[in-house]
Amino acid sequence: MRHPDHDRLCEEVRSWYRTSWPQRGYHVEHRCFGFYRRHAGHPDAGLIIIDTLTADEVPEFLADARTYFDNRPLHLGFEDKNLDRTQGPSLVAAGCAIDNANTYLAHVGPPPDRVRLPGVTVAPVTSDTLIDYVQVKLKGFANSEAAPPANQIEEELSLRKSELESIGRFLIARVGNDPAAIIGYYEGTDRLIFNLATRLPFRMKGIARQLLCQLIADSYDQNCRSIIINTNPADTPIQWYTRLGFTDEVYYRRTYTFDPSA
C-alpha cells in the first residue's frame with residue numbers, strides 16, 4: 001500500500017540530504033558528482049549523494065572527495081538502484097567498502113493500538129536524562145551490555161544534544177528504574193524515526209512495540225502528514241514495521257565507506 005502523498009514524500013525525504021540545515025549543523029554543496037554534505041561539529045560525518053558517475057570517472061571523483069573532506073573517512077551513497085548496480089562495483093574495485101542499505105518506509109495506517117505494559121514507564125528525554133538515552137542506544141546497537149567506550153559516549157552525547165536543541169526528540173522506556181529502550185525522531189509535519197533500540201536484558205518483552213505504537217498514535221493525534229521510519233531492508237525488523245503499517249518505500253540509499261588513509 002502507498003501513502004496518499006507518496007510522490008511528495010519521496011521528494012521531501014530526498015531534500016533532507018540535498019539541502020543545508022544550519023539549525024542542525026549540516027552544510028550541503030552541489031558539485032559535479034552530486035551533493036556533498038558535512039557537519040560543522042562532526043567532521044567525520046561526511047556524506048556524498050552521488051548523482052552521476054561512470055567507471056572512468058571514479059578516480060577523479062574519489063580525488064575530489066578526498067580533497068573536499070580533508071582526507072577524512074566518509075560515506076558515499078547511491079539513491080538510484082540502477083546506478084548503484086552499475087557503478088557500485090567500480091567503487092569497491094577502487095578500495096571503497098560496501099556499507100548497509102537503508103530504506104525509508106512511510107506509515108500508511110491505520111494507527112496501531114497503544115500498548116501499555118505493566119511496570120514500564122515512558123517519558124520524554126531531557127538534557128538531564130540524555131546520558132541514559134545514549135547508553136541504551138549504544139548498548140542496544142552493539143548488542144552488548146559492555147560499557148561503551150568513553151569517546152563514543154562523548155561523541156553521541158554531543159550529537160544528540162545538538163539535535164535536542166533543534167528538532168530532535170527522544171523517548172525512553174524504563175522497567176522500574178532501569179533504562180531499557182529508546183526511540184528517537186525528528187519533529188515536524190513529517191516525523192522521521194531514526195533510532196529504535198532495546199538493551200539485551202529487556203528484549204522480546206514488547207517494550208519497543210510500546211514505544212513505536214505510542215509514537216505512531218501520537219503522530220496521528222497531532223495530525224502529522226506522515227510518519228517515516230528508516231531501516232536496513234535486509235534486517236528482520238522490516239517485517240515487523242510492515243505489519244505495523246509501514247508499507248510504502250519513499251526513499252532508498254546504498255552507502256559505501258571511503259577511507260583515504262586505508
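Just above, that's the structure.
Since the structure is predicted, the reported quantities are computational estimates derived from the model, not experimental observations. Residue indices follow the written sequence of each chain, beginning from 1 at its first position. Residues qualify for local features only when their pLDDT is at least 70, as the model is predicted, and side-chain atom pairs are given and counted only at 80 or more; totals for whole chains, interfaces and linings, by contrast, use all residues. Side-chain figures throughout are based on the complete set of non-hydrogen atoms in the structure, without hydrogens or water.

**A word on the overall build of the protein**
The condition that has to hold: Helix numbering and strand numbering both begin at the N terminus, where a helix is a DSSP run of H or I of at least 4 residues and a strand a DSSP run of E of at least 2. Computation of the radius of gyration draws on C-alpha atoms, with the globule rule given as 2.2 Å multiplied by the number of residues to the power 0.38. Think of it in three bands: with a 1.4 Å probe and only protein chains considered, a residue is buried below 20% of the maximum accessible area for its type, exposed above 50%, and partly exposed in between. The contact criterion used is simple: two residues touch if any of their non-hydrogen atoms lie within 4.5 Å. Here the Shrake-Rupley method, with its probe set to 1.4 Å, supplies the accessible areas, and only the displayed protein chains count as covering residues. As used throughout, the charge tally considers Lys and Arg to be positive and Asp and Glu to be negative, leaving His and the chain termini uncounted. Lysine's charge is taken at NZ, arginine's at CZ, aspartate's at CG and glutamate's at CD.
Helices and strands together make up the secondary structure of the protein, namely seven helices and eleven strands. The C-alpha radius of gyration computed for the protein amounts to 19 Å, which stays within 12% of the reference 18 Å derived for 262 residues, consistent with globular compactness. The 262 residues of the protein split such that 49% are buried. Within the protein, contacts between residues separated by at least 24 positions form 70% of all contacts whose residues are at least 6 apart in sequence. If you sum the accessible surface of the protein, you get close to 12800 Å²; carbon and sulfur atoms cover 49% of it. Charged side chains of the protein number 29 positive and 34 negative; the gap between the two group centres comes to 5 Å.

**Focus on the nonpolar core**
Put simply, the test is: In this description, a nonpolar core means a group of buried Ala, Val, Leu, Ile, Met, Phe, Trp, Tyr and Cys residues linked to one another through side-chain atoms lying within 4.5 Å.
In this structure, Val13, Trp16, Tyr17, Tyr104, Tyr133, Ile228 and Val250 are the most contacted members of the largest nonpolar core, which totals 30 residues. Core analysis: the next-biggest nonpolar cluster, separate from the first, contains 25 residues, Val120, Ala173, Leu212 and Ile229 among them.

**Points about the pattern of salt bridges**
Once the charged atoms of two side chains with opposite charge are near each other, the side chains can pair. Keep this limit in mind: Take a side-chain nitrogen of Lys or Arg and a carboxyl oxygen of Asp or Glu: if they are within 4 Å of each other, that pair is a salt bridge.
With the rule as written, the count across this model stands at 20 salt bridges. When the shortest N-O distance is used, the salt bridge between arginine 8 and aspartate 5 registers 3.7 Å. Take arginine 8: its relative accessible area is 26%, and that puts it in the partly exposed class. Where arginine 160 meets glutamate 163, a salt bridge forms, and the shortest distance between an N and an O atom there is 2.7 Å. With arginine 160 and glutamate 163 both in helix α5 (residues 150–164) and three residues apart, the pair spans about one turn of that helix.

**Description of the pairing of strand β9 (residues 190–198)**
For the record, the criterion: Only strands that DSSP links by at least two bridges are regarded as paired with each other. Crossover handedness is defined here as right-handed if the route from the first strand over the helix to the second strand goes clockwise, with the strands pointing away from the viewer.
With nine of its nine residues buried, β9 lies for the most part within the structure. With antiparallel pairing between neighbouring strands as the criterion, strand β8 (residues 178–186) and β9 make up a hairpin whose turn holds three residues. Here β9 pairs with strand β10 (residues 226–231) via four bridges, running parallel. When the bridges of β10 are listed, leucine 192 appears paired with isoleucine 228. For the segment spanning β9, helix α6 (residues 207–221) and β10, crossover handedness is right-handed.

**Side note on unusual backbone geometry**
Residue proline 110 is bonded to the preceding glycine 109 through a cis peptide linkage, with omega at -5°. One can find proline 110 in the loop between β5 (97–107) and β6 (120–124). One non-glycine residue, asparagine 143, adopts positive backbone phi at about 55°. Mapping asparagine 143 onto the fold places it in the loop between α4 (130–142) and α5.

**Things to note about the side chain of threonine 198**
Examined against the element boundaries, threonine 198 turns out to sit in strand β9. Discounting residues that sit within four places of it in the chain, threonine 198 has contacts with Gly140, Ala180, Ala181, Arg203 and Ala208.

**Considerations on the packing of aromatic side chains**
Let me state the cut-off plainly: The criterion for an aromatic pair is that two Phe, Tyr or Trp rings (for Trp, the six-membered ring) have centres within 6.5 Å, with stacked assigned to planes under 30 degrees apart, edge-to-face to planes over 60 apart and tilted to the rest. Two thresholds decide whether a charge sits over a ring: the Lys NZ or Arg CZ must be within 6 Å of the ring centre and within 35 degrees of the ring normal.
Using the criterion set out here, one finds 13 aromatic pairs in the structure. When the ring of tyrosine 133 is compared with that of phenylalanine 170, the centres are 4.5 Å apart and the planes differ by 50°; the resulting orientation is tilted. Pair noted here: tyrosine 133 is in helix α4 and phenylalanine 170 is in strand β7 (residues 168–175), with a separation of 37 residues, a long-range link. Accessibility assignment for this pair places tyrosine 133 and phenylalanine 170 in one class, buried. One cation-aromatic arrangement involves arginine 38 over tyrosine 68; the distance from NZ or CZ to the ring centre is 4.5 Å. The residue whose ring lies beneath lysine 81 is tyrosine 252, and the NZ or CZ to ring-centre distance is 4.6 Å.

**Details of the sheet that holds β7**
This is how the line gets drawn: What counts as an axis is a line fitted to C-alpha atoms, over the stretch in contact for a helix, and the angles between N-to-C directions run from 0 to 180 degrees.
Read across the sheet, eleven strands follow the order β1-β2-β3-β4-β11-β5-β10-β9-β8-β7-β6 without closing on themselves; strand pairing throughout is mixed. Across the chains shown, the open sheet's two edge strands, defined by having one partner strand only, are β1 (26–31) and β6. Sheet twist, expressed as the average angle between the axes of neighbouring strands with direction ignored, equals 25°. By the bridge criterion, six bridges tie β1 to strand β2 (residues 34–39) in an arrangement that is antiparallel. The partner of glutamate 29 across the bridge, within β2, is tyrosine 36. Running over the sheet, α4 touches β7, β8 and β9 and is turned about 70° from β9.

**Details of the environment of proline 124**
In this structure, proline 124 sits in strand β6. The exposed category is assigned to proline 124, whose relative accessible area is 61%. Counting along the chain gives 45 residues from proline 124 to arginine 169, while the straight-line C-alpha distance between them is 7.6 Å. Here proline 124 is in contact with Thr129, Phe170 and Leu171, once residues within four sequence places are set aside.

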